[in-house]
Amino acid sequence: MIVEKIVGNIKKLDQLPPHIERVYLSSDDLVKRIQRVVTDHGRELGIRLKDAKELTDGDILFMDEKNMIVVSVLPDDLLVIRPTSMKQMGEIAHQLGNRHLPAQFEGEEMLVQYDYLVEELLKQLHIPYQREKRKVKQAFRHIGHSHAG
């Protein structure tokens, strides 16, 4: 089976079919428009998205009256950073930018993929954080650019 478009998202449905299969993806795989995956029931699928839309947790790849195949994002190993001041926020944002590490924001929290050097830095700067396994809403964007002028 080749999936070329997302049917919808399970979070927006009122009624679910009797059977649901899941495709477990890492957050890095959400940006891939073409990939081969296997459901938790052993069914192979090819994903070849026509639109330049990224996959998200809960996206429905296939649905009929009896069955549904849904994307489930695996939790990432994250540093959940909770700066207590604008100064702390500026310091850590600057340091992460220098390292070209992408961050996501949820409420008052800054999320970055786990990195022991960043963890050491957070300890040195006395910035509150926790290491957590958590599902992210979208893939981390690796920011590529050069400093050459």
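Quick caveat: nothing in here was measured; it's all calculated off a predicted structure.

Caption draft 1: Region of interest: the overall build of the protein. From N to C terminus, the protein includes two helices and 11 strands. Listing the helices and strands of the protein from first to last along the sequence gives β-β-β-β-β-β-β-β-α-β-β-α-β. Whereas a compact globule of 149 residues would reach a radius of gyration of roughly 15 Å, the protein reaches 19 Å, over 25% beyond that. Across its three principal axes, the protein shows a C-alpha extent of roughly 55 × 35 × 25 Å. Counting over 149 residues, the protein shows a buried share of 37%. Counting only contacts in the protein whose residues sit at least 6 apart along the sequence, the fraction spanning at least 24 positions is 69%. For the protein, the exposed surface amounts to about 9,200 Å²; the carbon and sulfur share of it is 53%. Put simply, the protein has 22 plus and 23 minus side-chain charges, and the middle of one group is 2 Å from the middle of the other.

Caption draft 2: Looking closely at the sheet that holds strand β7 (residues 67–73). Read from one edge of the open sheet, four strands run β2-β6-β7-β3, paired in mixed fashion. Each edge of the open sheet is held by one strand with a lone partner, namely β2 (8–9) and β3 (19–25). Here three bridges tie strand β6 (residues 59–63) to β7, and the two strands are oriented antiparallel to one another. When the sheet's bridge partners are listed, I60 is paired in β7 with V70.

Caption draft 3: Structural context of the sheet that holds strand β4 (residues 34–38). Here three strands make up an open sheet; going across it, the order is β1-β5-β4 and the pairing mixed. Of all the strands in the sheet, the pair left with one neighbour each is β1 (2–3) and β4. The pairing of β4 with strand β5 (residues 44–48) spans five bridges and is classified as antiparallel. Bridge pairing in β5 places I34 opposite R48.

Caption draft 4: Spatial organisation of the side chain of R134. On the secondary structure map, R134 appears in strand β11 (residues 129–134). A distance of 3.4 Å separates the side chain of R134 from the side chain of E106, its partner in a polar contact. In this view, R134 contacts P75, D76, L78, V80, R82, E106, E109 and L111; residues no more than four positions away in its chain are not counted.

Caption draft 5: Helix α2 (residues 116–125), seen in detail. Residues V118, E119, L121 and L122 constitute the buried set of α2. Along the axis of α2, the buried residues cluster in a sector spanning 160 degrees; they form a single face. Pointing more than 90 degrees away from the buried face of α2 are the exposed residues Y116 and Q124. Where α2 begins, the capping side chain belongs to D115, and its oxygen is found 2.8 Å from the backbone nitrogen of L117. Once α2 ends, the next one or two residues include H126, with phi positive near 60 degrees.

Criteria and thresholds
- Residues numbered from 1 in each chain as written.
- Predicted model: local features only at pLDDT ≥ 70, side-chain atom pairs only at ≥ 80, totals over all residues.
- Heavy atoms only, no water.
- Helix = DSSP H or I, 4+ residues; strand = E, 2+ residues; numbered from the N terminus.
- Rg over C-alpha atoms; globule rule 2.2 N^0.38 Å.
- Buried < 20%, exposed > 50% of the residue type's maximum accessible area, 1.4 Å probe, protein only.
- Contact = heavy atoms within 4.5 Å.
- Areas by Shrake-Rupley, 256 points an atom, 1.4 Å probe, with all protein chains shown as cover.
- Lys, Arg positive; Asp, Glu negative; His and termini not counted.
- Charge placed at Lys NZ, Arg CZ, Asp CG, Glu CD.
- Pairing = 2+ DSSP bridges.
- Polar contact = N/O pair within 3.5 Å; in protein donor to acceptor, adjacent residues only side chain to side chain.
- Arc of directions from axis to C-beta.

These figures capture arrangement, not role.
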